[in-house]
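Chain by chain, the residues:
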Amino acid sequence: MISMRFAKGHGTENDFVILPDPDGALDLGAGLVARLCDRRAGIGGDGVLRVVRTRALGEALTGAAASSEAAEWFMDYRNADGSIAEMCGNGVRVFARYLLHAGLAEGRSIDVGTRAGLRTVAIEDNGDVTVDMGRPEVFGDGGARLADGREVRGLRVSVGNPHLACVVDGPVADLDLTAAPVLDQAAFPEGGNVEVVAPAGEGVLDMRVYERGSGETRSCGTGIVAAAVAATRAAGAAPDQGATWRVRVPGGECLVLLDARGARLRGPAAIIAEGQVRLG
């Protein structure tokens with residue numbers, strides 16, 4: 001029998017199981033993550049956020065994650081299938097909300113460590129949470145084949161994790177995301193998230209997403225940023241020249257602000273439950 005404390009939170013209905021593990025004592029294997037995220041036999045979620053002190057990870061912080069050493073807390077994010085992900089834009093907002101909720105941080109600005117590097121999170125006057133997502137990297141065009149065989153073309157964007165953001169004609173609701181889109185393995189050796197994006201008025205986008213390791217989700221923060229970058233490029237502008245997009249997803253909406261400093265993602269984040277989970 002496995003027993004542990006948990007909380008449940010979401011950002012635009014992209015939902016997470018939150019596991020407080022300040023000293024890094026929890027053996028968080030892929031099987032355990034998948035059981036926790038099971039919506040019938042577990043708690044249910046698009047992923048797991050392990051709340052661990054950065055110093056407890058020690059030499060495990062390499063590459064981009066090494067810049068996280070300045071943060072007290074590290075967001076150890078896992079997809080619903082147990083695989084490790086570099087970054088989660090909705091997740092980091094929920095993570096910061098949990099730190100405040102649990103009394104583990106205070107103030108209006110919080111630094112959070114992630115595998116994609118240090119992220120600074122700000123609490124807005126209206127309660128929304130804004131995270132500095134860094135500078136998205138653009139790697140050129142790419143394509144994917146959807147579950148019904150339709151081919152879509154898009155922009156390959158890294159927001160700490162890999163995306164193919166496809167600006168399409170027509171409603172995004174008409175596209176088939178019932179199975180993982182097939183990506184070019186050479187362009188996406190570790191897989192990637194696929195967004196389908198449609199302009200919906202001045203400065204407004206509609207988006208759906210299939211997330212690597214989780215399936216179609218109600219929202220994806222990094223995907224929302226990638227969609228904004230792709231839409232800006234499709235409009236003939238450079239993201240670093242400045243653009244603001246309101247991105248509507250099935251779970252709500254977020255605001256993306258692009259400029260020479262990079263991207264900032266703003267939206268709601270809520271803690272909705274706490275308790276003790278027991279898995280036999």
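Please refer to the structure placed before this passage.
Residues numbered from 1 in each chain as written. Predicted model: local features only at pLDDT ≥ 70, side-chain atom pairs only at ≥ 80, totals over all residues. Heavy atoms only, no water.

1. Section: the side chain of Glu195
Part 1: Looking at the secondary structure, you find Glu195 in strand S12 (residues 193–199).
Part 2: Arg212 provides the closest opposite charge to the buried, salt-bridge-free Glu195, at an N-O distance of 9.9 Å.
Part 3: Here the side chain of Glu195 touches His163 through a polar contact of 2.7 Å, side chain to side chain. (Helix = DSSP H or I, 4+ residues; strand = E, 2+ residues; numbered from the N terminus. Buried < 20%, exposed > 50% of the residue type's maximum accessible area, 1.4 Å probe, protein only. Lys, Arg positive; Asp, Glu negative; His and termini not counted. Salt bridge = Lys/Arg side-chain N within 4 Å of Asp/Glu carboxyl O. Polar contact = N/O pair within 3.5 Å; in protein donor to acceptor, adjacent residues only side chain to side chain.)

2. Remarks on the pattern of salt bridges
Part 1: Under the criterion given, the structure shown has 17 salt bridges.
Part 2: For Asp76, the salt bridge goes to Arg50, with nearest N and O atoms at 2.8 Å. Remark: Arg50 occurs in strand S3 (residues 47–53) and Asp76 occurs in strand S4 (residues 73–79); sequence separation between them is 26 residues.
Part 3: On the basis of relative accessibility, which here comes to 8%, the residue Arg50 falls in the buried class.
Part 4: Through salt bridges with shared partners, one network takes in Asp21, Arg50, Asp76, Arg78 and Arg115.

3. Considering the pairing of strand S6 (residues 119–123)
Part 1: By the alternation rule, side chains of S6 split into Arg119, Val121 and Ile123, which are all buried, and Thr120 and Ala122, of which none is buried.
Part 2: Strand direction decides the pairing type here: strand S5 (residues 109–113) and S6, joined by four bridges, are antiparallel. Paired with Ile110 across the two strands is Val121, which belongs to S6.
Part 3: Between S5 and S6, which follow one another and run antiparallel, lie five residues, and Gly117 among them has a positive phi close to 115°.
Part 4: Pairing between S6 and strand S7 (residues 129–134): three bridges, direction antiparallel. Within S7, the position partnered with Ala122 by the bridge is Thr130.
Part 5: Taking the residues that link successive antiparallel strands as the turn, the S6-S7 hairpin has five residues, and the phi of Gly127 there is positive, at about 95°. (Pairing = 2+ DSSP bridges.)

In short, shape yes, function no, at least from these values alone.
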